[in-house]
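Topology and contacts: notes
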Amino acid sequence: MRRFLAAVALACGAILLSPVAGAQGSSLPGAELPEVNRAVDLERYSGTWYQVAALPQPYTLQCAHHTTAEYGVVDAQTISVRNSCGTLLGPRSTIEGTATAVSDASLRVTFPGVPFQQVDGPPNYRVTHLEEDYSLAVVGDPRRLSGFVLSRTPDLSPGEWSRVRGIVESRGWNSCTFLTVPMPGGRGDVAPLCVL
């Protein structure tokens, strides 16, 4: 628990101490997070993804390990969303919703009962990187307020982690603000992506 909280504090410090906008590794001012350069096939995108690293979010503070996203096709423009994670104090935390495609690689995710959501609002989930074989994805809010590294497997090699770090930085995020997620069969620690 102490290591987890220390890593979160380190990430929060990195956000506060990140270089001025536009410097290498910080968020790019004015430019939205780019979409991947092809349409996302929702059939191929569906299934289970392991969240192996993420930019910490207030709505995921209860999540301490084994975070997954399960997507299923509802129709040509909509997928079901089931996010779950292991908590420190009890059973898995789960939330279910839907995501509607608003462009080739951007969706609007909504969860019933969560306040301040606009069903017809702007996209809040953009696929900015997707491997050709749909084995790895990097997604986030168009304004980079959120960011997630998703993998079909819980374990990444050192070379894959280095490549992920490069992708995250090339998309305008500070890689020190992304933390790894402890995962059965994967990394067992919480560490800033910039040190991998």
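If you check an unreviewed UniProt entry, the protein chain appears there as Lipocalin family protein from Corynebacterium nasicanis. Recorded in UniProt for the protein chain, the comment headed Sequence similarities (unreviewed entry) runs: "Belongs to the calycin superfamily. Lipocalin family."

Our focus in this paragraph is the environment of T110. Along the chain, the position of T110 falls in strand β5 (residues 106–110). Along the backbone, T110 and N124 are 14 residues apart, and their C-alpha atoms lie at a distance of 9.1 Å. Beyond its immediate chain neighbours, meaning those up to four positions away, T110 contacts G97, T98, Q117, Q118 and V119.

Further remarks concern the state of the cysteines. One covalent bond between the sulfur atoms of two cysteine residues makes up a disulfide. For the structure shown, the criterion picks out 2 disulfides. Note that C63 is cross-linked by a disulfide to C85, the S-S spacing being 2.0 Å. Its S-S torsion of about -70° marks the bond between C63 and C85 as left-handed, since a negative value means left-handed. With C63 in strand β2 (residues 63–75) and C85 in strand β3 (residues 78–87), this residue pair connects regions lying 22 residues apart in the sequence. Paired through a disulfide, C176 and C194 show a sulfur-sulfur distance of 2.2 Å. Sign of the S-S torsion, about 110° for the bond between C176 and C194, identifies this disulfide as right-handed.

This part is about the side chain of N174. Mapped onto the elements, N174 comes out in the loop between α3 (158–170) and β9 (179–180). A distance of 2.9 Å separates a polar side-chain atom of N174 from the backbone nitrogen of C176.

With that settled, the discussion passes to the pairing of β2. Here 4 bridges tie strand β1 (residues 47–54) to β2, and the two strands are oriented antiparallel to one another. If you follow W49 over to β2, its bridge partner there is A69. In terms of strand pairing, β2 meets β3 through 9 bridges, oriented antiparallel. Bridged to E70 within β3 is R82. The antiparallel pairing of β2 with β3 creates a hairpin that spans 2 residues between the two strands.

The rules behind these values
- Residues numbered from 1 in each chain as written.
- Predicted model: local features only at pLDDT ≥ 70, side-chain atom pairs only at ≥ 80, totals over all residues.
- Heavy atoms only, no water.
- UniProt positions renumbered as here; feature names shortened; annotations may be inferred.
- Helix = DSSP H or I, 4+ residues; strand = E, 2+ residues; numbered from the N terminus.
- Contact = heavy atoms within 4.5 Å.
- Disulfide = S-S within 2.5 Å.
- Polar contact = N/O pair within 3.5 Å; in protein donor to acceptor, adjacent residues only side chain to side chain.
- Pairing = 2+ DSSP bridges.

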